[in-house]
Amino acid sequence: MTTDLMARRARLLGPNVPTFYDRPVHIVRGEGVWLWDAEGRRYLDCYNNVPHVGHCHPHVVEAIARQAATLNTHTRYLHEGILDYAERITAKFSHDLAQIIMVCTGSEANDIALRMAQAATGHTGLIATDNTYHGNTTAVSHLSTRRPPIGGYPPHIRRVPAPDSLAPLGGSLQAQPQQFAANVARAIEELQAAGHGFAGLMLCPIFANEGTPGIAPGFLDATAEVVRRAGGLLLCDEVQPGFGRVGSHWWGHEFLGFAPDVVTMGKPMGNGHPVAAVITRPDIMAAFRDAFGYFNTFGGNPVSCAAASAVLDVIEREGLVENARDVGAYLLGLLRGLDHPAIHDCRGFGLFFAVEFARDGQPAPDITARVVEAMRDRGILLGRGGRAQHILKIRPPMPFSRAHADEVAQTLAEVLTEIPA
């Protein structure tokens, strides 16, 4: 069956369509933190952040079905759903982040954030790290680093060195925050000298795709000062850390302690339903609306708003932010108790963890790859991240429990005994 599906994918979807694992998993059902394959085998999902409140949560499913059976249309008609959701979600923010545009994907949201920065500043220059991912539109793909764009990176883009725990900027973890800020300042000077000016810096507040390397509250303080002094905007991509995943706060920027100008969110806000959003201050929204004739046919449609509102219901009723804090601290303690000579570091923020493997100070992606495959064979789904794909990425749905954490840590300890350094 798997071989047949792979052949059909190649024939119908074309080349280079990625799958996880050497032996891809044919998933047919999900519930909570569990997935089942076509042969009936159950897997503990420790990777998928999109089903934020758990696969197929009945409250979210029912909300989508009920609204889809009633009405689904776009926002050029009046409807309470988008307004009700806007009031609820903006109440979760401070710093005058009070207005929202709803879209269908995180890529669209990040694309709008870039245009907001350009509209608010009158400049085009944009900065991101050199090991990031912010989506698939042409504009945001110019920030991302998976493949260089045709014709090379455009001249109004600068990519600064990402934080790194094996080779920290400035030579040490203590020096890294200031050096990151210095690199941003240098990139701003280059953009200004080239005539592009500086519009904004886009980043994930926990540097998720970069492997969450050596960051803590206050990490971006110096960078924020540099951006403000240059008149640019801080564009905060909360697709991965948002909605309580960091445990201590609802948002990653709250955890780090800085004030963004624009915040973007993606499909976790609808538990996988295609809904995303941009939240910003009224002055920035007005500049964007004046500069662009923006309309998104199904951004903020009633079904998407019902899904997003149901996710807020579940997070609040089931105490999932508090759960992320409790279970996250518990699992991080277990991970730090693992014994393997190639483990360089274990770190985590709520229900987001990184286990970094290295030899002689160099990334060891071969070990990480073997761990991921061995865990899959034992019924636990994990992923990889970091520049060299040498970091084990653990990012389960939010209902993850201490019992699930015990299972992950025990199985991972067994796997590591079988993998030489």
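For the structure, see preceding data.
Since the model is a prediction, treat every value here as computed from it, not as a measurement. (Residues numbered from 1 in each chain as written. Predicted model: local features only at pLDDT ≥ 70, side-chain atom pairs only at ≥ 80, totals over all residues. Heavy atoms only, no water.)

**Q** Describe in detail the overall build of the protein chain, supporting the description with residues and values.
**A** Each helix and strand in the protein chain was counted, giving 13 helices and 16 strands. Along the longest, intermediate and shortest principal axes, the C-alpha atoms of the protein chain span 60 × 60 × 45 Å. Across the 421 residues in the protein chain, those meeting the buried criterion constitute 54%. Considering only contacts in the protein chain between residues 6 or more positions apart, those separated by 24 or more positions represent 72%. Positive and negative side-chain charges of the protein chain, numbering 36 and 42 respectively, have mean locations separated by a distance of 4 Å. (Helix = DSSP H or I, 4+ residues; strand = E, 2+ residues; numbered from the N terminus. Buried < 20%, exposed > 50% of the residue type's maximum accessible area, 1.4 Å probe, protein only. Contact = heavy atoms within 4.5 Å. Lys, Arg positive; Asp, Glu negative; His and termini not counted. Charge placed at Lys NZ, Arg CZ, Asp CG, Glu CD.)

**Q** Account for empty space enclosed by the protein, naming residues and giving values.
**A** Within this structure, the stated rule accounts for two cavities of 30 Å³ or more. Volume-wise, the largest cavity comes out at about 80 Å³. Taken together, 13 residues form the lining of the largest cavity, with Pro 163, Asp 164, Glu 210, Arg 387 and His 390 sitting closest to its centre. Here the residues of the lining of the largest cavity are counted per class, giving four nonpolar, four polar and five charged. In this structure, the second largest cavity occupies an estimated 40 Å³ of space. (1 Å grid on protein atoms, 1.4 Å probe; cavity = no way out; pocket = protein on both sides within 12 Å on 5 of 7 lines; lining within 4 Å. Points joined across faces, edges and corners; volume = space filled by probe spheres on them. Nonpolar A, V, L, I, M, F, W, Y, C, P; charged D, E, K, R; others polar.)

**Q** Run through the sheet that holds strand E2 (residues 34–37), naming residues and quoting values.
**A** The four strands lie next to each other as E1-E2-E3-E14, forming an open sheet whose pairing is mixed. At either margin of the open sheet sits one strand with a lone partner, and together these are strand E1 (27–31) and strand E14 (380–381). Summarising the sheet, E2 and strand E3 (residues 42–45) pair through three bridges and their orientation is antiparallel. Across the sheet, Trp 34 pairs through a bridge with Leu 44, a residue of E3. (Pairing = 2+ DSSP bridges.)

**Q** I'd like a rundown of unusual backbone geometry, residues and numbers included.
**A** At Tyr 21, a residue that is not glycine, the phi angle is positive and equals roughly 75°. Within the secondary structure layout, Tyr 21 lies in the loop between helix H1 (2–13) and E1. Judged by relative accessible area, Tyr 21 falls into the buried class, the value being 14%. Despite not being glycine, Asp 360 has its phi angle at roughly 50°, a positive value. With respect to the element layout, Asp 360 can be found in the loop between strand E12 (353–359) and strand E13 (362–363). Judged by relative accessible area, which is 81%, Asp 360 ranks as exposed.

**Q** Any chance you could break down the sheet that holds strand E10 (residues 276–280) for me, citing the residues and the numbers?
**A** If you trace the seven strands from one edge of the open sheet to the other, you get E4-E10-E9-E8-E7-E5-E6, paired in mixed fashion. Here the strands that pair on one side only, and so sit at the sheet edges, are strand E4 (99–103) and strand E6 (157–160). Each adjacent strand pair in this sheet contributes to an overall mean axis angle of 20°, direction not counted. Relative to strand E7 (residues 200–203), strand E5 (residues 126–129) runs parallel, the two being bridged by two bridges. The residue bridging Ile 127 from the neighbouring strand is Leu 201, located in E7. Its contacts with the sheet put helix H3 (residues 80–90) on E4, strand E9 (262–265) and E10, and the angle it makes with E4 is roughly 120°. Along the sheet, helix H6 (residues 176–193) contacts E5, E6 and E7; its crossing angle with E6, the most-contacted strand, is approximately 160°. (Axes fitted to C-alpha atoms, helices over the stretch in contact; angles between N-to-C directions.)

**Q** Give a description of the pairing of E4 that names residues and reports values.
**A** Burial analysis of E4 places four of its five residues in the buried class, the great majority of the element. The sheet contact formed by E4 and E10 spans five bridges and is antiparallel. Bridge pairing links Val 103 to Ala 276 in E10.

**Q** Just give me the short version of the packing of aromatic side chains, but keep the residues and values in it.
**A** Under the defined criterion, the tally for this structure stands at twelve aromatic pairs. Clustering of aromatic rings is evident, with ring pairs tying together Phe 93, Phe 243, Trp 250 and Trp 251. Positioned above the aromatic ring of Phe 295 is the side chain of Arg 76, whose terminal nitrogen or guanidinium carbon lies 3.8 Å from the ring centre. Geometry around Phe 292 places Arg 115 over its ring, the cationic atom sitting 5.2 Å from the centre. (Phe/Tyr/Trp six-rings, centres within 6.5 Å; stacked < 30°, edge-to-face > 60°. Lys NZ or Arg CZ within 6 Å of the ring centre and 35° of its normal.)

**Q** A description of the nonpolar core should follow, citing residues and the corresponding values.
**A** Within the largest apolar cluster, 100 residues are counted, with the highest numbers of intra-cluster contacts made by Ile 89, Phe 243, Met 265, Phe 357, Val 371 and Phe 400. Ignoring any residue separated from it by four or fewer positions in sequence, one finds Phe 243 in contact with His 52, Tyr 85, Ile 89, Trp 250, Trp 251, Met 265, Met 269, Leu 312, Ile 315 and Met 398. Core analysis: the next-biggest nonpolar cluster, separate from the first, contains 24 residues, Val 103, Ala 109, Met 202 and Ile 284 among them. (Core = buried A, V, L, I, M, F, W, Y, C linked by side-chain atoms within 4.5 Å.)

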